[in-house]
Amino acid sequence: MADDETTRAERLLDAQAKAALLFAEIEKRGLVAPGEGERAVSDRIRDLANELFGTTRHWHKRIVRAGPHTLVPYKENPPDRVISADDIAFADFGPIFEEYEADFGRTFVLGDDPVKHRLRDDLPEVFQAGKRFFRSDPEITGAALHAEVARLAAEAGWELGGWHAGHLVGEFPHERIDGADVESYITPANGTSLRRTDKAGRRCHWILEIHLVDRERGFGGFYEELLTL
C-alpha cells in the first residue's frame, strides 16, 4: 500500500535531512580538495553515503564539477578534471533512503576569490527568495516560478546555467522524468500548476534547483533541495 500524504512528506524530509548530514560530513572531511579528480571525489562521496547510511543507490548520475566544468549543464558529461587550489566546485547527488529520493546540491569555494565566495553565498539567498515566491501564489506555474528565479539571478548579478530550475521528486522510482515532458520541470514552457496531483492522485513534490553562472569569468555554482516542504 502506498504511503499517505503525511507519511510521504515525512519520508521525503527525512531523506533530505540525511542528504544534508552527508554534505556536512563531506565538508568536515574535506573531500572536495585540491589535487583530487572530480570522479575520485564523487566515488568517495558515494562510499561515504554507504558508510553513514547504508546507501548504495542514487536515482540520478552523481556529479562533482569544478572550475570551468561548473558552467556545464546537468545532461553534459565533461571529462574528468583535477580540482585546483583556487577552484569553485559543486556536488549534486540523488541518494535513495528507504525508497525515497533526495536531491541535494551544494557549492564549495577552495580559494580566497571574493567573487566566487559571493556566488556561493548568493545561491541560498536566491533559493530562499524563490521558495518564498512559490509559497506566495497557490496557483503558481512552472513558467512563473522559472521567470522569478531568472529575475532573482539577474538582480544578484548572475544568470541561470540551465534550461530549467527544478523538477519532480518522490518515491523511487518516481514517475519517470522525461526530458521532453516539460510538465516534469520548472521551465518557461511549463504552464501547469506546480500544486497538482500526479497520475496516481498523489501530491506532486518538487526540487528547486539553482544553477548560477558567470560566463565571463568562467565559473558557476549550484544549490538544490526540496521546494514544496
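A brief structural summary. (Residues numbered from 1 in each chain as written. Predicted model: local features only at pLDDT ≥ 70, side-chain atom pairs only at ≥ 80, totals over all residues. Heavy atoms only, no water.)

### As for helix H3 (residues 114–136)
Next, step 1: The end-to-end C-alpha distance of H3 is 33 Å, a good match for the 33 Å that 23 residues give at a rise of 1.5 Å each.
Next, step 2: The largest bend in H3 amounts to roughly 25 degrees and is located at Asp122, with the proline Pro124 lying one to four residues further along.
Next, step 3: Buried residues of H3: Val115, Lys116, Leu119, Asp122, Leu123, Val126, Phe127, Ala129, Gly130, Lys131 and Phe134, and no others.
Next, step 4: The opening residue of H3 is Asp113, an N-cap whose side-chain oxygen sits 2.8 Å from the backbone nitrogen of Val115. (Helix = DSSP H or I, 4+ residues; strand = E, 2+ residues; numbered from the N terminus. Expected span 1.5 Å × (residues − 1). Bend = angle between axes of the 7 residues up to and from the residue. Buried < 20%, exposed > 50% of the residue type's maximum accessible area, 1.4 Å probe, protein only. Polar contact = N/O pair within 3.5 Å; in protein donor to acceptor, adjacent residues only side chain to side chain.)

### Observations regarding the packing of H3 against helix H4 (residues 142–155)
Next, step 1: As a packed pair, H3 and H4 sit with axes 10 Å apart at the nearest point and diverge in direction by 145 degrees. Of the two possible hands of crossing, H3 and H4 adopt the one that is right-handed. Of the residues in H4, those in contact with Val126, Ala129, Gly130, Phe133 and Phe134 of H3 are Ala144, Leu145, Glu148 and Leu152.
Next, step 2: Looking at the contact of H3 with H4 residue by residue, the classes come out as seven nonpolar, one polar and one charged. (Axes fitted to C-alpha atoms, helices over the stretch in contact; angles between N-to-C directions. Left-handed = near helix turned anticlockwise from the far one by under 90°. Contact = heavy atoms within 4.5 Å. Nonpolar A, V, L, I, M, F, W, Y, C, P; charged D, E, K, R; others polar.)

### Describing the layout of surface pockets
Next, step 1: Taken as a whole, the second largest pocket spans an internal volume of roughly 230 Å³.
Next, step 2: Around the second largest pocket, the lining is made up of 14 residues, and of these Arg39, Arg62, Ile63, Val64 and Pro78 lie nearest the centre.
Next, step 3: Among the secondary structure elements, those contributing two or more residues to the lining of the second largest pocket are helix H2 (38–53) and strand E1 (63–66).
Next, step 4: A class-by-class count of the residues in the lining of the second largest pocket yields four nonpolar, three polar and seven charged. (1 Å grid on protein atoms, 1.4 Å probe; cavity = no way out; pocket = protein on both sides within 12 Å on 5 of 7 lines; lining within 4 Å. Points joined across faces, edges and corners; volume = space filled by probe spheres on them.)

### As for the pattern of salt bridges
Next, step 1: Per the stated rule, a full pass over the model turns up 19 salt bridges.
Next, step 2: The salt bridge partner of Arg29 is Glu25, with a shortest N-O separation of 2.8 Å. Of this pair, Arg29 and Glu25 both sit in helix H1 (residues 5–29), four residues apart, roughly one helical turn.
Next, step 3: What makes Arg29 partly exposed here is its relative accessible area of 38%.
Next, step 4: Residues Arg57 and Glu99 are paired through a salt bridge, measuring 2.5 Å at the closest nitrogen-oxygen approach. (Salt bridge = Lys/Arg side-chain N within 4 Å of Asp/Glu carboxyl O.)

### Some remarks on the nonpolar core
Next, step 1: With 28 residues, the main nonpolar core has Leu145, Ile186, Leu208, Ile210 and Leu212 as its most contacted residues.
Next, step 2: Breaking this core down by element, the ones donating at least two residues are H3, H4, strand E8 (205–214) and strand E9 (219–226).
Next, step 3: Among the elements that make up this core, the one with the highest residue count is H3 (seven residues).
Next, step 4: Ignoring anything within four residues of it in the chain, the contact list for Leu145 reads Gly130, Phe133, Phe134, Ile140, Ile186, Leu194, Leu208 and Leu227.
Next, step 5: Leu31, Ile83, Phe93 and Phe97 belong to the second-largest nonpolar core, a separate cluster that totals 26 residues. (Core = buried A, V, L, I, M, F, W, Y, C linked by side-chain atoms within 4.5 Å.)

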